[in-house]
There are 8 protein chains.
Amino acid sequence: MTVNDVILDLERKTRIGMPEAIFCAGKTVQQISRAIAQATDADSSILLTHLDESKAAAISTTPFDYDPISQTAIAGPWTQPVGAPEIAIVGAGTSDMPVISEASRTLAFHGLASEQFVDVGVSGLWRLLKIRDQLADFPVIIAVAGMEGALFSVLGGLVPGLIVAVPTSRGYGICRNGETALHSALASCAQGMVAVNIDNGYGAACAAIRSLGK
Amino acid sequence: MTVNDVILDLERKTRIGMPEAIFCAGKTVQQISRAIAQATDADSSILLTHLDESKAAAISTTPFDYDPISQTAIAGPWTQPVGAPEIAIVGAGTSDMPVISEASRTLAFHGLASEQFVDVGVSGLWRLLKIRDQLADFPVIIAVAGMEGALFSVLGGLVPGLIVAVPTSRGYGICRNGETALHSALASCAQGMVAVNIDNGYGAACAAIRSLGK
Amino acid sequence: MTVNDVILDLERKTRIGMPEAIFCAGKTVQQISRAIAQATDADSSILLTHLDESKAAAISTTPFDYDPISQTAIAGPWTQPVGAPEIAIVGAGTSDMPVISEASRTLAFHGLASEQFVDVGVSGLWRLLKIRDQLADFPVIIAVAGMEGALFSVLGGLVPGLIVAVPTSRGYGICRNGETALHSALASCAQGMVAVNIDNGYGAACAAIRSLGK
Amino acid sequence: MTVNDVILDLERKTRIGMPEAIFCAGKTVQQISRAIAQATDADSSILLTHLDESKAAAISTTPFDYDPISQTAIAGPWTQPVGAPEIAIVGAGTSDMPVISEASRTLAFHGLASEQFVDVGVSGLWRLLKIRDQLADFPVIIAVAGMEGALFSVLGGLVPGLIVAVPTSRGYGICRNGETALHSALASCAQGMVAVNIDNGYGAACAAIRSLGK
Amino acid sequence: MTVNDVILDLERKTRIGMPEAIFCAGKTVQQISRAIAQATDADSSILLTHLDESKAAAISTTPFDYDPISQTAIAGPWTQPVGAPEIAIVGAGTSDMPVISEASRTLAFHGLASEQFVDVGVSGLWRLLKIRDQLADFPVIIAVAGMEGALFSVLGGLVPGLIVAVPTSRGYGICRNGETALHSALASCAQGMVAVNIDNGYGAACAAIRSLGK
Amino acid sequence: MTVNDVILDLERKTRIGMPEAIFCAGKTVQQISRAIAQATDADSSILLTHLDESKAAAISTTPFDYDPISQTAIAGPWTQPVGAPEIAIVGAGTSDMPVISEASRTLAFHGLASEQFVDVGVSGLWRLLKIRDQLADFPVIIAVAGMEGALFSVLGGLVPGLIVAVPTSRGYGICRNGETALHSALASCAQGMVAVNIDNGYGAACAAIRSLGK
Amino acid sequence: MTVNDVILDLERKTRIGMPEAIFCAGKTVQQISRAIAQATDADSSILLTHLDESKAAAISTTPFDYDPISQTAIAGPWTQPVGAPEIAIVGAGTSDMPVISEASRTLAFHGLASEQFVDVGVSGLWRLLKIRDQLADFPVIIAVAGMEGALFSVLGGLVPGLIVAVPTSRGYGICRNGETALHSALASCAQGMVAVNIDNGYGAACAAIRSLGK
Amino acid sequence: MTVNDVILDLERKTRIGMPEAIFCAGKTVQQISRAIAQATDADSSILLTHLDESKAAAISTTPFDYDPISQTAIAGPWTQPVGAPEIAIVGAGTSDMPVISEASRTLAFHGLASEQFVDVGVSGLWRLLKIRDQLADFPVIIAVAGMEGALFSVLGGLVPGLIVAVPTSRGYGICRNGETALHSALASCAQGMVAVNIDNGYGAACAAIRSLGK
């Protein structure tokens, strides 16, 4: 067998409960289109991430639901989940919206509703304390923060659910494109915090899905 | 109020479902003993981590169950959990035993039984494939690996449960005391992987507890 | 002029309001003793920092007040300051006591009383909120924290005084001997936070003195 | 409460003596405009930082005072402070003007006059020595330097005021976008130096305000 | 002798069995053209790497075979090798095609046929296991992967040939432009793995040629 | 299957042509002894690496051939290979002997004779030029160097064989425990150079075995 | 004295033997022009570095000699030095020409003739050996190399003059924009090598001038 | 030729004007002794560096002049140079004495007298200004400083001689074992500064010898 093109891992859903998504950065429109075609041939809709607007415009599949804020698309039919949200997404600042949206869209694609709590960074602590009881009811919280990421530890000391920290590249200088926030999440004094890669809203959503056993 | 000594956060269990533990590195025997006393006064047993043998020997509390491999102790009465294990701990090599044990002891202290699968690194892939079906039944897997941490990604593509990656400081040179394994976990091509700090078996166990809602 | 030995900068107090201290790491007992002698000859007492116990024991000056926790000594006569404390020292954990003590001793040597608030890390947020109003009255707060240093940002959003963050080398793995806490302080979302070098309790105390114009 | 948009921390001035500012990098014009609206609704003028010219042009609030050098704006009415300057801003080179201006504008917005001393880097030491006595009278000096940041330590040995070091990203190669200057400030042999993040003129100004208790 | 221009190392083929190639990044079209001319004068065809499209368009030599995917060109006559492939190139994802192509073109220029196996990353392990026996027959395998580079170790435990790992800059955040994949290759638990620089498909091909003694 | 102890990968020789070795750092004497027992039960001799003298002394297997310089041992019967050396090991300095010996012993255990050329660093270039013709006859050269690792590139331009660079942790300061030499090997201007982890003489030997198809 | 603009250090030539130059990166055309005016007023010509073409075009001074390769200009009258070259500039590759030219132009501005030896990297060692005797006659050699910088050490072992290593940002991946070459220079096994910042041809030329006492 | 032991580069003095020295770290007493023997056989005295006291005590050569502060020895007859010093060694603090002494001893071994100016760090700037005129007369100055290394830049703006910066590992935290001082030297705003490796007093002395053409 010579393997010289996209091979979609169509059995992934059977193995791990979630289908493969297409990470579009560094892929050509042709490669992306062939991956979509493999999914379509298998009667599956598929999620695309890191898809910039110019590539999105060049893809001819329908239906094709592109969201420029999160740089995600869904190729094929799908519907927004309804019902009570099972996952909270907490964001330190409004600059974190692209990552928050990537997480939210990923959850929605997998059929999970989520609720967003944005701009609740610790420099105005009352904002977080005000929603503390609401957050305490969620089994999983995706926490999104850049800069120094202090939000992660404060949240970790307040609520019992699984907290998946998503450091973002927001900030400048010693923020080091998100490494400072990442290190804060990993070095947290609050027990049981976990982290995903910088800006990886998609991964955090998948972790939430794994945790909920959905 | 002047605060000049240990203040145990006794309400933590109520807030987040788990009691505080004592991180003993950098603390004197006197400080550790006063913390234990506060727990005892509140009728709580307490977990101690990063406790070396010489300090352990100097603590006079009873009962006091010290384990030199994991460098943990439990001050106060406790019993090993019984029943079917709810969490799997998968370790790449036998050198990772101290971290594996820290995770296992932490789970046990919180009343959760776990099962260990050790020395199943990817250079002998059959070892992991042989236990794949067993692992697929666990809702949470703690994966422990040093060196390049390839175990994390392979596992992530095989099973549906939440995988909490614990990179270990095993290895030399470019392993950078665990940073290479940590980066591998965070950059994993397997979706939904999460990571804790290097050698943080305690934190991984706490994340598992959060995920299970126990 | 050939200069081949210690030259104490005796005019420093005139220029910047504080005398020189002797940083003892890497100096021989002979070099330290000659520096003390220069101070004594000028009728000044002098502070010594980073002085380990074996070197301290080898110094024959009197009076000589050595404190093993902070690794500091004062050579020559001095008295503890009395009166209301002008500076608060807030510490995240009891492991930070060596740094807290270095700051406290440095302030005391310069005639400034301070008050300590220890073990008030953010994973048990109530501890900090309980002392918030007390802290709000201090013009300068020295904040000492290791691990992820989330204490700095939370404090920065709560009180108006100058906050001098001292990251400590407490923690392991990705804590990187204090760099993670340092980066957190510098990348803080709380406006007007300033930082000194890792474990530099002495420097934080000197900054407080500069800020108070004492 | 679902929180899905900007929440201005309007109580911040009461808590810490300074109002919140809007960090505009990564925010959309819509998000920025809504934040301004919240301030306007509360009868407050507000400072905007990291605001590039194209976004500034798209904001329709009046009055709106934009300064392209410092990339700052003030939305709402304000007046330049008059009277003797209370803070000195010392800059090593003319390339540091954007950061110097950010500090100066931030101080002015908060009602504090400052005086600038620019292009006084240590390679021509006479420039700094000439203004030494003037500088010695300021209770707070904001020192701005890129490259190797030697200015910080020299200044620290000459004057008694609080020195807030702002490393800048000026330079190339091993300057590492300001990290070398930052490390120099933190490792300074001059006692009591404090530092803020790279290029953070805003933060240095806020630290000065905290120090002066204004 | 004054040396102020390109000096092609025309004797290299005699010394090490391979001719010099021209690394075009940072060279002007004039410099590249003069290098080609020196090769032509010596009756040699020559390989060019890191040649972007605009420079390629400005070079007037014929024949000139430019490939935009790999950013390589061959100046002078050459023919594609025929016969059974002696080297396998295994790629984790389709985004790695530029590096895979650089390796493949380099081998072809030196007269060696290769076979590609692309999109066989470990998150869908069956893809790699399916081709395991084919791969086991190759004396040399060039393995190309970005992100966490787990492919390297898995492959290393499955087949006996020399595995030359080429980490790629694919990924974001903690992938650090390929350093995480590079470190994974170097820290591999699979014995006898070797690595070349990030994105260095050319170097991997040359290593394969050295290993085969061609 | 519960897996809670050493599992030797006894089928490795069949899969990749070389048996597993035991990396002893971080393993207890008991763990090492059980691994040896598994090999003995399978009638195999086994190589041990990173084995310090105190652990070696505590192992009771016979025959057991321990070499303190390379920190390696061979448990079980074996004989030194005879015949012409197939691999050259070139070392920049005599401080590199532990790594050189680890490579040499590993080759010998696998039945391959090697020849050593030590203390031929480039600061005395004649030493290397003198042996150039000898080295040119070897299909594989293991090059061992610390400090700046210039030996790798010089060698790479002189001989046609596969050069496996082993950076060593020799040196101080900016040598960074071998990272500078490692980076030099990877960034080499000599085409087709490959590298293994710092101080990894074992890995280089295994790479040589893979390359020779032995 | 309020200092709010360029202050040229006109006395520098008297103090250190060389006039100040203008580092133009990050300066506006207005700032650069005012600096030139100060030099002109003092009857001095002045060197400008890091001056890109668009800024150069906007400067109206005459005479003004701009060189786009080195990104340098000389404002005011000057003449090329004549006579035998006193300094050799040795470059590993033609991509290093911008840095080589910056060094050469700086020397020329200060009245020193230099001779260039370009494209003599160590992968074709004969090129360097061929000019060894010529190079041995120079009291100072400026060595310019990117990638792994092996040229520095080889040269250091061959000739007696002062070797000023200028690492360049040429290369990709692990070259880290010149840090690998810089580290190689600093960790060199050849005694008495010195280094300047990455791409700092100007600084190397100034060091040569200092060394020659010109 | 098989090369399996120390090969002293006895021709080095002829090539580069200085003999080889023995870097003793990582070498056994036997290896060091054989190197000394090769020098003795060639009627040369030889310098040893990085030689700790226990190894020094085990060497039986006579005469053998060991200095514990600089960790250097001279094997064979030699005499201290007399006459006016040609090189100044300027040290920021007394903790830098080991490095200062290594430089001084290296110069003396090569027949060059030097003069030391110690404890003249910039926090007490008057100490340096007082000796400025003396320093201005030296053609070469070796500057030794740890911490932030501000001494280098200040000196560079004051005197015309070649300044060879030797960063030292003195300091803690963000000093990073000398990297901060090294980066300061390389990023210096003072033109023509050059640097050697951290703590490399030997290298600085050799650079001085090269510069003086001795």
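Residues numbered from 1 in each chain as written. Chains lettered and ligands numbered in written order. Predicted model: local features only at pLDDT ≥ 70, side-chain atom pairs only at ≥ 80, totals over all residues. Heavy atoms only, no water.

A. Layout of the packing of aromatic side chains. Residues and elements named next belong to chain A. Here the structure, examined in full by the defined rule, presents 16 aromatic pairs over all chains. Ring centres of Phe117 and Phe138 lie 6.4 Å apart, and the angle between their planes is 80°; this geometry places the pair in the edge-to-face category. Of this pair, Phe117 sits in strand β6 (residues 114-118) while Phe138 sits in the loop between α6 (132-136) and β7 (140-145), placing them 21 residues apart in sequence. Pair check on accessibility: Phe117 and Phe138 agree, each one buried. (Phe/Tyr/Trp six-rings, centres within 6.5 Å; stacked < 30°, edge-to-face > 60°. Helix = DSSP H or I, 4+ residues; strand = E, 2+ residues; numbered from the N terminus. Buried < 20%, exposed > 50% of the residue type's maximum accessible area, 1.4 Å probe, protein only.)

B. Quick peek at the packing of helix α4 (residues 97-109) of chain C against helix α9 (residues 201-212) of chain C. Residue and element names in this part refer to chain C. Axis separation between α4 and α9 bottoms out at 7 Å; the angle between their running directions is 40°. In terms of orientation, α4 lies oblique with respect to α9. Crossing handedness for the pair α4 and α9: right-handed. Facing α4, whose interface residues are Val99, Glu102, Ala103, Thr106 and Leu107, α9 presents Gly201, Tyr202, Ala205, Cys206, Ala208 and Ile209. When grouped by side-chain class, the residues that make up the contact of α4 with α9 number 8 nonpolar, 2 polar and 1 charged. (Axes fitted to C-alpha atoms, helices over the stretch in contact; angles between N-to-C directions. Parallel < 35°, antiparallel > 145°, perpendicular 65-115°, else oblique. Left-handed = near helix turned anticlockwise from the far one by under 90°. Contact = heavy atoms within 4.5 Å. Nonpolar A, V, L, I, M, F, W, Y, C, P; charged D, E, K, R; others polar.)

C. Structural detail: the interface of chain G and chain D. Counting residues at the interface gives 25 residues for chain G, matched by 23 residues for chain D. Between chain G and chain D, roughly 2000 Å² of surface is buried when both sides are summed, and carbon and sulfur atoms account for 49% of that area. Taken together, the connections running from chain G to chain D amount to 1 salt bridge. As a salt-bridge pair, Arg176 of chain D and Glu179 of chain G come within 2.6 Å of each other at their nearest N and O atoms. Inspection of the region where chain G meets chain D yields 11 residue pairs in polar contact (both at pLDDT 80 or more). Of all the secondary-structure elements, those providing two or more residues to the side of chain G that touches chain D are α1 (12-16) and α8 (179-186) of chain G. Here the side of chain G that touches chain D is built from residues that sort into 9 nonpolar, 7 polar and 9 charged. (Buried area = accessible area lost by both parts, 1.4 Å probe. Salt bridge = Lys/Arg side-chain N within 4 Å of Asp/Glu carboxyl O. Polar contact = N/O pair within 3.5 Å; in protein donor to acceptor, adjacent residues only side chain to side chain.)

D. Summary view of the relation of the copies chain B and chain A. Rotating chain B by 180° and moving it 0.0 Å along the rotation axis overlays it on chain A with an RMSD of 0.0 Å. Both copies are brought into coincidence by an operation consistent with a two-fold rotation axis. (Least-squares fit on C-alpha atoms with pLDDT ≥ 70 in both.)

E. Seen up close, the arrangement of the chains. Taking C-alpha atoms as the reference, chain B and chain D come no closer than 20 Å and do not contact one another. With respect to C-alpha atoms, chain B approaches chain H no nearer than 16 Å, and the pair has no contact.

F. Local environment of the interface of chain B and chain A. On the side of chain A, 33 residues touch chain B, which itself brings 33 residues to the contact. Between chain B and chain A, roughly 2500 Å² of surface is buried when both sides are summed, and carbon and sulfur atoms account for 49% of that area. Taken as a group, Leu186, Gln191 and Arg210 of chain B account for 32% of the area that chain B buries against chain A, more than any other trio of residues on that side. For the pair chain B and chain A, the number of links is 0 salt bridges.

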